[in-house]
Amino acid sequence: MRVPFAKRTLGNGLDVIVHESREAPLAAVSVWYHVGSKNERPGRTGLAHLFEHLMFEGSAHQPHGYFEPLQEAGAALNGSTSTDRTNYWEVVPTDALRLALWMEADRMGWLLPALSEERFQNQREVVLNERRQSYENRPYGLAQFALLEGLYPPDHPYHWPTIGHPEDLRAAGVDDARAFFGRFYHPGNASLAIAGDVDTESVFAVVEELFGEIAAGADVEPPAPAAVAATRRDFILEDRVELPRLYLAWPSPPLFADGDAELDLTADILGNGRTSRLYRRLIHDTRLATELAAAQTSRELAGTFQVLATAAPGHTLGELAAAIIEEVERFLESGPTDAEMARGRAQAESAFVFRTQTLGGFGGKADQLNAYNVYRGTPDYFDADLGRYLHAAPAMLRDAAREWLVPEAMLTLSVVPSGRRDLALAPDAPVWVARS
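Below, the structure is looked at part by part. (Residues numbered from 1 in each chain as written. Predicted model: local features only at pLDDT ≥ 70, side-chain atom pairs only at ≥ 80, totals over all residues. Heavy atoms only, no water.)

### Some remarks on helix H10 (residues 277–285)
Since the α-helix advances by 3.6 residues per turn, residues separated by three or four positions end up pointing in the same direction. What counts here: Per-residue accessibility, obtained with a 1.4 Å probe over protein chains only, is compared with the maximum for each type, and a residue is labelled buried under 20%, exposed over 50%, and partly exposed between these values. Secondary structure counts use DSSP, requiring at least four H or I residues in a row for a helix and at least two E residues in a row for a strand, with both numbered from the N terminus. Working rule for contacts: check all heavy atoms of both residues, and any pair within 4.5 Å makes them a contact.
Along H10, the residues classified as buried are Arg 277, Leu 278, Tyr 279, Leu 282 and Ile 283. Packed against the buried residues of H10 are helix H9 (260–271), strand S9 (289–297), strand S10 (303–311), helix H11 (317–334) and helix H12 (338–355). Residue Arg 287 follows H10 closely and has a positive phi angle near 55 degrees.

Pasting the structure below:
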């Protein structure tokens, strides 16, 4: 699982990572900024995701947008925002690598001269429309927002959604955006990875030429999150849905912390795939549910372990909760079997191999090198990361589950058809209302 690389840090603090791969005449460029929605503050949420849009609109020396010139050169490109980071990527023919690097440098160093009031307002409306289409008007689309607000206190960086609150976006102005950019989108808070049919020294020389004169920016202090209370809570979300759905969620360890990989494996054993315990019980044997999933969502400051199940017609959320909790308690008592561990390790290893089959994009070698560099301080973390899964023992999974998946820390969210609170797990629980 080693991906050979060379790394240098420019004088302005930009980490540069190069991986040579001669399999195809392509080069992948990946830029990670260590900023996400966790770096916002209440009242000004959504700026990180808004900048994901704004940074495709143009910069001082490329004012007419980023898609057309790169696509004309044969590139694929995109970007994304999470709670913890913002990334941009291009996969280009090797002879277009300089163009991709030049454009990334221009928006890192010279975006603000092109950030007009008109452009800001236009992209703000695009984001508000994205929220309506992707969350507010999608069945069960607001459930994750309700879970975040239920699990994390109002001043916790994970309390608000990455796309932001509508009233915060409407209240923000172009000066807020300029200040946010100046604080976070600079070389000292960025990591640049290039992978593909390239010469390492030539790439370092081009990067120094294009990025070296950009100002470093001030150091970014990580947020200090408030403590997450381990208290049992129940919520209801009324939605335009036909079948009620139940979410069970627990606070869990952060990304790469003790217990993170163990709970990741636990989620697979409990609820992912036809051989998982909950699939066999809820869907195959009893047909209580029509949909099922489980996940350990690992973030930089804190994680969330959750199980969701949609009730089959004629069955209740109470039946789902009883079956899920019983299976979790069985796991707390005896842990996984040897066969379950072998399957979990094999799935984890195949996922690692799959992620390194491509050069870039969402996943791929360039993206993974950046991820390890930003979160662990070194790109060389492939073996150590995979080892967390391959060396996990059954007792380690059981102990992690006993520590985190406790009844007193569980949050339940019942998503029910509008006007049918009687279908909720706890009909008298508070109703979560979306902000719009």
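### Describing the side chain of Ser 252
To keep things clear, this is the line we draw: As used in this structure description, the phrase polar contact means that two N or O atoms lie within 3.5 Å; if the pair is within protein, one of them must be able to donate a hydrogen and the other to accept it, and residues adjacent in sequence are counted only when both atoms belong to side chains.
Considering the arrangement of structural elements, one finds Ser 252 in strand S8 (residues 245–252). Within polar-contact distance, the side chain of Ser 252 engages the backbone nitrogen of Thr 304 at 2.8 Å.

### Comments concerning the side chain of Asp 385
Residue placement: Asp 385 occurs in helix H14 (residues 382–390). Setting aside anything within four residues of it in sequence, one finds Asp 385 in contact with Phe 256, Phe 352, Arg 355 and Tyr 372.

### Some details on the sheet that holds strand S11 (residues 411–417)
Just so we agree on the cut-off: Here the rule is simple: two strands pair whenever DSSP picks up at least two bridges between them. Lines fitted to C-alpha atoms define the axes, with helix axes restricted to the stretch in contact, and inter-axis angles between N-to-C directions lie between 0 and 180 degrees.
If you trace the five strands from one edge of the open sheet to the other, you get S7-S11-S8-S10-S9, paired in mixed fashion. Looking at strand neighbours, the two that pair on one side only are strand S7 (233–239) and S9, the edges of this open sheet. Each neighbouring strand pair of the sheet contributes to a mean axis angle of 15 degrees, computed without reference to strand direction. Pairing geometry for S7 and S11, over seven bridges, is parallel.

### A short note on the packing of aromatic side chains
The cut-off we apply is this: Stacked, tilted and edge-to-face are the three classes assigned to paired rings of Phe, Tyr and Trp, where Trp is represented by its six-membered ring and a pair needs centres within 6.5 Å; plane angles under 30 degrees give stacked, over 60 edge-to-face, the rest tilted. Think of it as a cone above the ring: NZ of Lys or CZ of Arg counts as a charge over the ring if it is within 6 Å of the ring centre and within 35 degrees of the ring normal.
Enumeration over the complete set of coordinates arrives at 20 aromatic pairs. Here Phe 180 and Phe 184 contribute two aromatic rings whose centre-to-centre distance is 4.9 Å and whose plane-to-plane angle is 55 degrees, an arrangement assigned as tilted. Of this pair, Phe 180 and Phe 184 both sit in helix H7 (residues 174–184), four residues apart, roughly one helical turn. Residue Phe 180 shares its accessibility class with Phe 184, and that shared class is buried. Put simply, the rings of Tyr 33, Phe 51, Phe 56, Phe 67, Tyr 88, Phe 180, Phe 181, Phe 184 and Tyr 185 touch in pairs and so form one group of aromatic residues. Here Arg 107 stacks its cationic end above the ring of Phe 56, 4.9 Å away from the centre of that ring. Cation over ring: Arg 107 sits above Tyr 88, and NZ or CZ is 4.4 Å from the ring centre.

### Brief notes about the environment of Thr 200
Tracing the backbone through its elements, the reader meets Thr 200 in helix H8 (residues 200–211). Placed 105 residues apart in sequence, Thr 200 and Asp 95 show a C-alpha to C-alpha distance of 15 Å. Residues in contact with Thr 200, not counting those within four places in the same chain, are Ala 6, Val 18 and Glu 20. Here Glu 20 takes part through its side chain, which lies 2.6 Å from a polar atom of the side chain of Thr 200.

### Points about the environment of Arg 376
One can find Arg 376 in helix H13 (residues 364–376). Taking C-alpha positions, Arg 376 is 8.6 Å from Phe 256, a pair spaced 120 residues apart along the chain.

### So, the nonpolar core
Here is the rule we go by: Put simply, buried Ala, Val, Leu, Ile, Met, Phe, Trp, Tyr and Cys residues joined by side-chain atoms within 4.5 Å make one nonpolar core.
Counting 75 residues, the largest nonpolar core has Phe 51, Leu 101, Tyr 185, Leu 192, Ile 194, Val 207 and Phe 211 as its most contacted members. The contact partners of Tyr 185, leaving out residues within four places of it in the chain, are Tyr 33, Val 35, Ala 48, Phe 51, Met 55, Thr 86, Met 108 and Phe 180. Within the second largest apolar cluster, 64 residues are counted, among which are Trp 89, Ala 195, Leu 263 and Ala 321.

### Thoughts on the pairing of strand S5 (residues 86–93)
Burial runs high along S5: seven of the eight residues are buried. Taken together, the six bridges between strand S4 (residues 76–81) and S5 define a ladder with antiparallel strand orientation. Across the sheet, residue Asn 78 finds its bridge partner in S5, namely Trp 89. Following S4, the chain reverses through four residues before pairing antiparallel with S5.

### Describing the pattern of salt bridges
Cut-off, in case you're wondering: Only one rule defines a salt bridge in this text: a Lys or Arg side-chain nitrogen within 4 Å of an Asp or Glu carboxyl oxygen.
Scanning all chains against the criterion turns up 23 salt bridges. Notably, a salt bridge pairs Arg 388 with Asp 260, separated by 3.1 Å at the nearest N-O pair. In this pair, Arg 388 sits in helix H14 while Asp 260 sits in helix H9, placing the two residues 128 residues apart along the sequence. For Arg 388, a relative accessible area of 16% gives the class buried. Taking the shortest distance from any N to any O, the salt bridge between Arg 420 and Asp 422 comes out at 2.7 Å. Taking relative accessible area as the criterion, Arg 420 reaches 36% and is therefore assigned partly exposed. Owing to a relative accessible area of 47%, Asp 422 belongs among the partly exposed residues under this scheme. Salt bridges sharing partners connect three or more residues here, namely Arg 281, Glu 326, Glu 327 and Arg 330.

Don't take any of this as a statement about function, it's just geometry.
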